[in-house]
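# Analysis of the macromolecular model
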Amino acid sequence: MGLKNMTEQELGKIVSIYRNDAESVYNTWFINNEARLKAFRSIRRGVLQVIKDIKEGVFPNDFKGSSLEFVVSAIAEQKQVFEGAAHPFYWKPKLRIPDIYESQENKVYFGQFLENCLNAKTEDQLIKEIMWLDSKKIKGLGPAVANILYFLHPTVIPPFNTAIVRGFNTLFREKIKLGSWEDYLKMRNVLVEIVKHNRNLFSKDLGDVSGLLFDIGVAKIIIEGNASVATEKYAQKRNSVLKKRHKQIQEELEEEDTHTKIQYYLLKMGKSLGYDVIVASNDKTKSYNGENFSFLSIAEFPKL
């Protein structure tokens, strides 16, 4: 089922499986996720700090302890789609990769690239910057950088990792390679076109379609091209992936429930002491023990 002969109906069936799976990337990361939305702001601030550190000559000669570590760690915390996002940025002295730590010239190139991408207003500007960075041939600095750019321009730049590439190649019968910016841009062009012509199926935010590719890449969604993963030979490995995902989701739900429980008791405690209490506006829709937070909290901060 290649890109050229895939009908909207066939794609729609696959997307329907993705949407209806309670443990899909779509339902556990892409929608109704305040932490995902907050990440865009914190990562943007982090990128500004990386640029500032490089400009002022204080960016270290190692990944550990750098402002870049903060940025990539914030991305990796998004889990699932971005698991392992930090690995390509670890400084490997024996291999001299990625060569953006001890090479002052490459460090400056990287800083200029991030600043230009941050300030870019059009798709063409972003593509031009990627091609410029690729022309510098900085050893070990490949399309993993796209995971940073996604949080700056989510409707233009899709995430990029092994599972997403595997899912893309499976769904569209392509042979995109991991370490190539040229291949990344080919994949990006296809995804942008897919989203553009299937607005009824996908969000403009490319994290949506990338999540679908990720789930295909890890064989959570079985289609013709990855059906072998569901055979007995690979069943154990696949089940391990699904169990890990299930456990991860359960832990996240338990963590969220504990947070909500603590908020509830703090609200009740405050009211019992005779105080007016208030929660963040985005938490007023929460409830615990059958009581809505909106009923416990005052509508807004009093004017002083």
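Residues numbered from 1 in each chain as written. Predicted model: local features only at pLDDT ≥ 70, side-chain atom pairs only at ≥ 80, totals over all residues. Heavy atoms only, no water.

Taken as a whole, this structure holds nine salt bridges when the rule is applied. Of the charged contacts, one joins arginine 36 and aspartate 205 as a salt bridge, the two residues approaching to 3.4 Å between their closest N and O atoms. Of the two residues, arginine 36 is situated in helix 3 (residues 34–55) and aspartate 205 in the loop between helix 9 (181–197) and helix 10 (207–217); the sequence distance between them amounts to 169 residues. You'll find arginine 36 and aspartate 205 in the same group, each marked buried. (Salt bridge = Lys/Arg side-chain N within 4 Å of Asp/Glu carboxyl O. Helix = DSSP H or I, 4+ residues; strand = E, 2+ residues; numbered from the N terminus. Buried < 20%, exposed > 50% of the residue type's maximum accessible area, 1.4 Å probe, protein only.)

When the pLDDT values of the chain are averaged, the result is 87; 88% of them are 70 or greater. Within the chain, no element has a lower average pLDDT than helix 11 (residues 232–272), which sits at 71, and none a higher one than helix 7 (residues 146–150), at 98. Low pLDDT, under 50, characterises residues 227–235; the stretch is placed with eight contacts to residues that sit more than four places away or in other chains. (pLDDT = per-residue confidence, 0-100. Contact = heavy atoms within 4.5 Å.)

Here we take up helix 3. Its 22 residues place the ends of helix 3 32 Å apart at the C-alpha level, agreeing with the 32 Å of an ideal helix rising 1.5 Å per residue. What helix 3 keeps buried is the set Arg36, Ala39, Phe40, Ser42, Ile43, Gly46, Val47, Val50, Ile51, Asp53 and Ile54. Elements in contact with the buried residues of helix 3: helix 2 (25–30), helix 4 (67–76), helix 5 (104–119) and helix 7. Directly after helix 3, the chain includes glycine 57, whose backbone phi takes a positive value near 75°. (Expected span 1.5 Å × (residues − 1).)

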